Structures are given as structure tokens and as C-alpha cells.
Amino acid sequence: MGFDQNVIRSLLQKQKIATLAELKGSLGSSATMTVFRKLKALGYFTSYSHRGKYYTLADIPRFDERGLWSYEAVWFSRDRNLLATTQRFVEKAEAGCTAGELQEQLNVEVKEPLLQLYRRKRIDRDDLGGRYVYFSRDPGIGREQRLQREGRGAVLEMGDSTMQAELSPELKAAIILFFSMLDEQQRRLYAGLEAHKFGHGGDRRIAEFFRLDVHTVARGRRELFGEQVQRQRVRKKGGGRKPAEKKRRK
């Protein structure tokens, strides 16, 4: 006896999503493999929520900019399953993400898929302040995510300071990134300059912000405003334009 896959198509076009039991009922078959053969021929997605209980046709979802679509609180992803979706969201997260942050975005519990991905070495994680933060395994992306996360942590540590009031989280993260690219003397001098702006207590605040020793900040401030800075060559020896040779007039 043959089964018409158009019966499944009609059901899903009508109600958008359906369970395996509903699909079997419409097809008039109790065989799970028969239903999946028909779904495969039509093209389908499985929900990543509700433990993959729901199905829809491939041409029904209208995925948003995050690659997600929901119908009656049932969630689907262009990645087709929760594990792949979780990995993509971790890799795209500007500052990595905690399980709680990711759960708010995906609307499902994510601790188990995060643990699986970490154990399979598909994502990284760090214990920051007593909670796990997950990052991309790509060295470049992971580094940028960690810098962004450190910048956000620094924002919280700054409390009600002037820097907190005047700078956005994005700008603070950019300052942390810029600071990491300076050499030792440049870091000390820049930290001293920022500490001077705060006035009383500035050395301590900036030391906490950049995770420096407070004496290092104070030294940089004294060097900068005491004109004790050792100027260094920017270009390596032999760099730059060669001096023009003077020609004798004939």
C-alpha cells in the first residue's frame, strides 16, 4: 500500500507544525520510518525546543535575523538542532555568553548542550567570578570575546565613577583593547594620565580598571607630569625614508 506524501504537506501547510503522532495519523501509518521518508522527500525542520517533538516543512519558517522562528511558542532554527544553534550563538556572541544569557536568547534550557560542546572541544569556557562564560574556540574570535567580557567586567567595577558615567560599555571595551596593544611604558603613562583626570583616588580606580599595581599607575603619572618620559624610536633602525643626497652644482 502506497502513502501519499501530499497528505503530510496539506496538514503542515494548514497548521504549520505537527507532532510525529499527528503526521502518522494523517498518513494512516504507524511506521515511523515511513513518515520520515515522506518528510525527507518534502524537506523539513525539527524544533529545537520541546525536545524536537515538532516538525514543519522547509518552506514554512520565516527565520529572523538571528536565524530563529517560532510558532505557538515552539522554536525552530536554521541550524536544525539545539546543539548547532548553541554553538553558532556562542561563536557570534560579542563578549561570549553565560548559560543564562544564552537561555534568554533561545528560550530553552542550554546547560546540557553547552556542556556537550565544551566536552567535544567545540567551544571554550572560563570560570569568571564563579560562573562559566563560554567563548569561541577560534583563537582570534575567542580573544576578542574575552577582551569584550573583561571590558564589561571593568565597567561594573568602576561603579559610579566619572568614567562609568561618561563612557558606554562599547567604548570601555575598546579602551581595554587599545590598552592591551601598548608596550609597558605606554601602558604606564596612559594609566597615569587617566588617573590624573580622576584626582584623589584616581590611582586606585585606574589600577582596578586596568588590573595594574597601584604603584605602577602612580609612577606613570609622576613620569608623565614630571617630564621624566624616555622617548623611544617609533621606527626601527634603518626604517623610514632614506636621506636625500646633496648634488654638487656643476
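Residues numbered from 1 in each chain as written. Predicted model: local features only at pLDDT ≥ 70, side-chain atom pairs only at ≥ 80, totals over all residues. Heavy atoms only, no water.

(A) Quick peek at the confidence of the model for the protein. The share of residues in the protein with pLDDT of 70 or more is 84%, and the mean pLDDT across the chain is 85. In the predicted structure, residues 155–162 sits below a pLDDT of 50 and forms 15 contacts with residues beyond four places in sequence or in another chain. Contacts of residues 233–240 to residues separated by more than four positions or lying in other chains number one contact, the stretch itself having pLDDT below 50. (pLDDT = per-residue confidence, 0-100. Contact = heavy atoms within 4.5 Å.)

(B) Layout of the pairing of strand β7 (residues 131–136). Two strands pair when backbone bridges link them, and strand β6 (residues 123–128) and β7 are joined in this way by six bridges, in the antiparallel orientation. Within β7, the residue paired with I123 across the bridge is S136. (Pairing = 2+ DSSP bridges. Helix = DSSP H or I, 4+ residues; strand = E, 2+ residues; numbered from the N terminus.)

(C) Structural context of the pattern of salt bridges. Under the defined criterion, the tally for this structure stands at eleven salt bridges. With a shortest N-O distance of 3.4 Å, E208 and R204 are connected by a salt bridge. Of this pair, E208 and R204 both sit in helix α11 (residues 202–210), four residues apart, roughly one helical turn. Judged by its relative accessible area of 46%, R204 is partly exposed. The network of salt bridges with shared partners includes D124, D126, R137 and R146. (Salt bridge = Lys/Arg side-chain N within 4 Å of Asp/Glu carboxyl O. Buried < 20%, exposed > 50% of the residue type's maximum accessible area, 1.4 Å probe, protein only.)

(D) Focus on the packing of helix α4 (residues 82–92) against helix α6 (residues 111–119). Interhelical geometry of α4 versus α6 gives an angle of 75° and a closest axis separation of 9 Å. The angle between the axes of α4 and α6 places the two elements in the roughly perpendicular class. Contacts between α4 and α6 involve L82, L83, T86, Q87 and V90 from the former and P113, L114, Q116 and L117 from the latter. Split by residue class, the contact of α4 with α6 holds six nonpolar, three polar and no charged. (Axes fitted to C-alpha atoms, helices over the stretch in contact; angles between N-to-C directions. Parallel < 35°, antiparallel > 145°, perpendicular 65-115°, else oblique. Nonpolar A, V, L, I, M, F, W, Y, C, P; charged D, E, K, R; others polar.)

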